[in-house]
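# Residue-level structural notes
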Amino acid sequence: MERFKVKILFISLGCDKNLVDSEVMIGLVRERAFELTDDEQEADVIVVNTCCFVNDAKEESINTILEMAELKKTGKLKALIATGCLAQRYREDIEKEIPEVDAIIGTTGYEDIVTAIDNALGGTKSEFFKDLSYLPDTKHKKRVNTTGGYYSYLKIAEGCDKNCTYCIIPKIRGNYRSVPMEDLIEEAKQLADNGVVELMLVAQETTLYGVDIYGKKMLPELLKELCKIDGLQWIRILYCYPEEITDELIEVMKTEEKVCNYLDIPIQHGCDRILKRMGRRTNKQEIVDIVEKLRENIPDITLRTTLITGFPGETEEEHEELMQFVEDMRFDRLGVFTYSPEENTPAALLKDHIDEEVKERRRDELMEVQQEIAFEHAQDAISTKLKVLIEGKLPEDNVFIGRTYKDAPSVDGYIFVNSSSELISGQFVDVFVTDAKEYDLIGEVVWE
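How each quantity is defined
Residues numbered from 1 in each chain as written. Predicted model: local features only at pLDDT ≥ 70, side-chain atom pairs only at ≥ 80, totals over all residues. Heavy atoms only, no water. Salt bridge = Lys/Arg side-chain N within 4 Å of Asp/Glu carboxyl O. Helix = DSSP H or I, 4+ residues; strand = E, 2+ residues; numbered from the N terminus. Buried < 20%, exposed > 50% of the residue type's maximum accessible area, 1.4 Å probe, protein only. Phe/Tyr/Trp six-rings, centres within 6.5 Å; stacked < 30°, edge-to-face > 60°. Lys NZ or Arg CZ within 6 Å of the ring centre and 35° of its normal. Pairing = 2+ DSSP bridges. Axes fitted to C-alpha atoms, helices over the stretch in contact; angles between N-to-C directions.

### Remarks on the pattern of salt bridges
In total, this model carries 38 salt bridges according to the counting rule given. A salt bridge links Glu-198 to Arg-403, with the shortest nitrogen-to-oxygen separation between them at 2.5 Å. Placement of Glu-198 in strand S10 (residues 198-202) and of Arg-403 in strand S16 (residues 399-403) is noted, with a sequence separation of 205 residues between them. By the burial criterion, Glu-198 is buried, and Arg-403 matches it. Put simply, Glu-316 and Arg-362 hold a salt bridge, and the shortest N to O gap is 2.9 Å. Of this pair, Glu-316 sits in helix H14 (residues 316-329) while Arg-362 sits in helix H15 (residues 356-380); the two residues are 46 residues apart in sequence, bridging distant segments of the chain. By relative accessible area, Glu-316 is classed as partly exposed at 29%. It is possible to trace a salt-bridge network through shared partners that takes in Lys-162, Glu-205, Lys-217, Glu-243 and Glu-244.

Take a look at the structure:
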């Protein structure tokens, strides 16, 4: 088939880091004259960029591949390609159990997506796996931003060295590899030139950026350079391990207006014994200390975190301790995951695994504690003025929807904005908060 007649659908599952890989592949495909589609019934080729971080993600990835495979019988689908984490981890199982898959691409092989498509359309099955120490070179590639145009993710590093006992990421993504700073600046400039006003820095861990190639933590320096880019107005930092947060990073957040006073700090637990069993590098008191330091230096900072409940051996007393910790810390945003045993990880071999119903109960109890805290934080915002990034409109309610610096896309809340004038997505406006409804805010535009 001629390339310009071939329609390709990309399905990106899992995290925002995976989404960046998908956007790079979409850019490569578009540069080579393929046509993109969002209709699976019209697609000649479907690429499923998979996730397998926890069991639910693994099941979603497998089910999606199987569902798309059916289109070879019922639709016009000619080629099915599996990429990403599931493809990396279960290469042989996919080969054996899902013969409808025409190409398998590992986590470091996505630069070869066009070759994989050409091979598949030519009737040849192929696989593309590079060593996990390889860092794909994307500096000359034109990413296609799929998030709506005004916000985007910048993946500053690949892989992880932490080796938490429950996590499979180092085995499927490799060790920590920072992207050279000049490449990131170039990519960020391209995104800003295409209308991006909010940039979110992502990696398995952002706080260690630069250690492997520059010999020291370079996140503060990277932030300063990104702040110089015209067009960018918000720079948000995600996935900061608490033990790696430095005074230099705090100082940059305080002094650079474009850096949002927002940090995502995955702490996973609040009990020392469980933290140690998880292979985490902090204890409870160290977490308390860094949170206090952040709040003392940046009084209006918003802190998001995640917890794992039901880790093997977690007692009811330790669960109660964690609930008290959540009550005491009063995080602005908090998510809770039930522990998911991953094969070939040390935690999966531990004794005293906990029943699913107990895990789910503990999760619900933790979320009940956090819900009350989150609602109180929302009430505290009433009668304040906040800068809001408009994301769209609810025409049935004649109200606009947006986010403040306190809210990252997809995981946090919204603010519903009343305005006497029409607003457009990607526009920043000042909003006076008039009310709060559970996690979300309600406000009116303040026209100067």
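### A look at unusual backbone geometry
Of note, the phi angle at Ser-383 is positive, near 75 degrees, even though the residue is not glycine. Tracing the chain through its elements places Ser-383 in the loop between H15 and strand S15 (385-394). For Ser-383, a relative accessible area of 52% translates into the label exposed. Positive phi is not limited to glycine here, since Ser-410 has a value of about 75 degrees. The residue Ser-410 is located in the loop between S16 and strand S17 (415-418) in this model.

### Here's the deal with the packing of aromatic side chains
The tally for this structure, following the rule as stated, stands at 7 aromatic pairs. Ring centres of Tyr-166 and Phe-311 lie 6.4 Å apart, and the angle between their planes is 85 degrees; on these two criteria the pair is classed as edge-to-face. One end of the pair, Tyr-166, is in the loop between strand S8 (157-158) and helix H7 (169-173); the other, Phe-311, is in the loop between strand S13 (302-309) and H14, and 145 residues separate them in sequence. Across this residue pair, the class does not change: Tyr-166 and Phe-311 are buried. Over the ring of Tyr-239 we find Lys-17, and its NZ or CZ is 3.9 Å from the ring centre. Over the ring of Tyr-151 we find Arg-403; its NZ or CZ atom is 5.4 Å from the centre of that ring.

### A word on the sheet that holds S16
Strand order in this closed barrel of 5 strands is S15-S16-S17-S19-S18, and the pairing throughout is mixed. On average, each strand axis in the sheet is inclined to that of its neighbour by 50 degrees, with strand direction left out of account. Of the pairings in the sheet, the one linking S15 to strand S18 (residues 428-437) comprises 5 bridges and is antiparallel in character. By the bridge assignment for S18, Leu-389 is matched with Phe-428.

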